[in-house]
Amino acid sequence: MNASTFAAVFVVFVAAALAWRTWLALRQVRHVARHRAEVPADFAGVIPVEAHQRAADYTRDKQRLGLVETLVVDGVVLILLTLGGGIARIDAASERLFGAGSLRELATVFGVLLASTLASLPFDLYRTFVVEERHGFNRMTPALFARDLAKGMALAVAIGAPLLLVVFWLLRTAGPLWWLYTWVAWMAFTVVLVIAFPRWIAPLFNQFTPLEEGELRRRIEQLLSRCGFTASGLFVMDGSRRSSHGNAYFTGFGRTKRIVFFDTLIDRLTPDEIEAVLAHELGHFARGHIPRLLTVRFALALGMLALLGWLYGEPAFYEALGLDAPHIGALLAGFSLVVPVFTFPFQPLASLMARRQEFEADAFAAQHASAASLASALAKLYRDNAATLTPDPLHSLVYDSHPPAALRIDHLRKADPVNGIASP
Ligand SMILES: [Zn+2]
């Protein structure tokens, strides 16, 4: 394959991905608009029509912004950085500044990262301060936004630089199988990150306070012991600093496991509902979803690195990027931009896997807590997060990591026929 064939294939894939995503976004906007007038029968009486319409408008605004962002960032900017020679130019500037050597390669990787971040920045700003603000979700101040951005960039350098230096070193010293050793290093690194995240990284952005003693804590502890589960802490996170969206999650491995509730969730759900939501999260753990996800990621990473190992020796690849030689920093940056263009056809598969896991976690929750409470918690979360109840089926099939609300509640109803779920 020569450079121009490579470039042509790439352009075809970029165009196909953009066309596909545009079509899906437009379908979603149309579908939601068509069902805006009426609350679906399953939710009549539970979700007021104003809330339903607010969700429709919110979905429309998010979709439209996302569509423009896709066309600009994943279309124009992507082509400018890759075939347009943007990466090559950043690499040349890095060489002028730092000479040859690891520092130059690092500068190129972070230079390209900075360029991508700057390209997305106007959209992030618009999303936060216009779309989220308009729909009443935003709690972020410009100062907090700037601080988050600076912290995120500093963290990317602090975490990314050591890993990249290991990769450069392996490339120099490990021979033709450098990509395989890189994979081993990457796995080790990922595990360290999973452990470090709840303890050292998340607290840089949010405050975590132990869940206070009382009825709720007692019930949660009972649930944990019923499921034979130990966690190293129950925390409430100040999610309300940035947004009024509510959530709960679990992080960590083994003894570092932590359960985190957004304060916004605690405020809005009853203890029964919180218990059911937590039981759902426990279900993800009990059914081994986290190790499974990591295994899939590791397998994919092996494939990607094998591909990178091959492309590294292919002049067609680096010439298409406008490089005269395979400079690793530029190649890594280029590779990370190019690969997602070819993986978009697999998105439905990843979403399907995620949705299956949601059903498994719901079934676990129905077994160990109340299905009726989980259903009513879901209805509240959909209402308060203005998540649409009427997604376009194809859009949902491709993107949604969670099954549509009506389907989940339907399953929960079947799981708990005795109590019945009259009003979710
Ligand atoms: Zn889940």
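As shown above, the structure is provided for reference.
Residues numbered from 1 in each chain as written. Predicted model: local features only at pLDDT ≥ 70, side-chain atom pairs only at ≥ 80, totals over all residues. Heavy atoms only, no water.

**Q** Before we go on, may I ask you to explain the coordination of the zinc ion in this structure?
**A** Reference values for coordination geometry: four tetrahedral donors around a metal ideally subtend 109.5 degrees, six octahedral donors ideally subtend 90 or 180 degrees. Donor atoms from the polypeptide that coordinate the zinc ion comprise His280 (NE2), His284 (NE2), Glu358 (OE) and Glu358 (OE), at 2.1 to 2.8 Å from the metal. Metal-centred angles of 51 to 135° between the four donor atoms at the zinc ion mark the site as irregular. Ordering the donors of the zinc ion by residue number gives the pattern H-x3-H-x73-E. Residue His280 is found in helix 9 (residues 271–286), and its partner Glu358 is found in helix 13 (residues 347–368); the two are separated by 78 residues along the sequence. (Donors = N, O, S within 2.8 Å, 3.2 Å for Na, K, Ca; no water. Tetrahedral: all angles 85-135°; square planar, octahedral: opposite > 155°, others 65-115°. Helix = DSSP H or I, 4+ residues; strand = E, 2+ residues; numbered from the N terminus.)

**Q** Before we go on, may I ask you to explain unusual backbone geometry in this structure?
**A** Most peptide bonds adopt trans geometry, and most residues besides glycine take a negative phi value. A positive phi angle, close to 50°, is found at Ala386, a residue other than glycine. One can find Ala386 in the loop between helix 14 (371–384) and helix 15 (393–399).

**Q** In this structure, what is going on with the environment of Leu71? I would like to understand it.
**A** With respect to the helices, strands and loops of the structure, Leu71 is situated in helix 2 (residues 49–81). On the basis of relative accessibility, which here comes to 39%, the residue Leu71 falls in the partly exposed class. If we ignore the near neighbours within four places in the chain, the residues touching Leu71 are Leu18, Thr22 and Val76. (Buried < 20%, exposed > 50% of the residue type's maximum accessible area, 1.4 Å probe, protein only. Contact = heavy atoms within 4.5 Å.)

**Q** What is the right way to look at the environment of Leu216 in this model?
**A** Tracing the backbone through its elements, the reader meets Leu216 in helix 7 (residues 215–226). Owing to a relative accessible area of 14%, Leu216 belongs among the buried residues under this scheme. Spatially, the C-alpha atoms of Leu216 and Ala286 are 22 Å apart, while their sequence positions differ by 70 residues. Excluding residues within four positions of it along the chain, Leu216 makes contact with Leu211, Ile266, Pro271 and Ile274.

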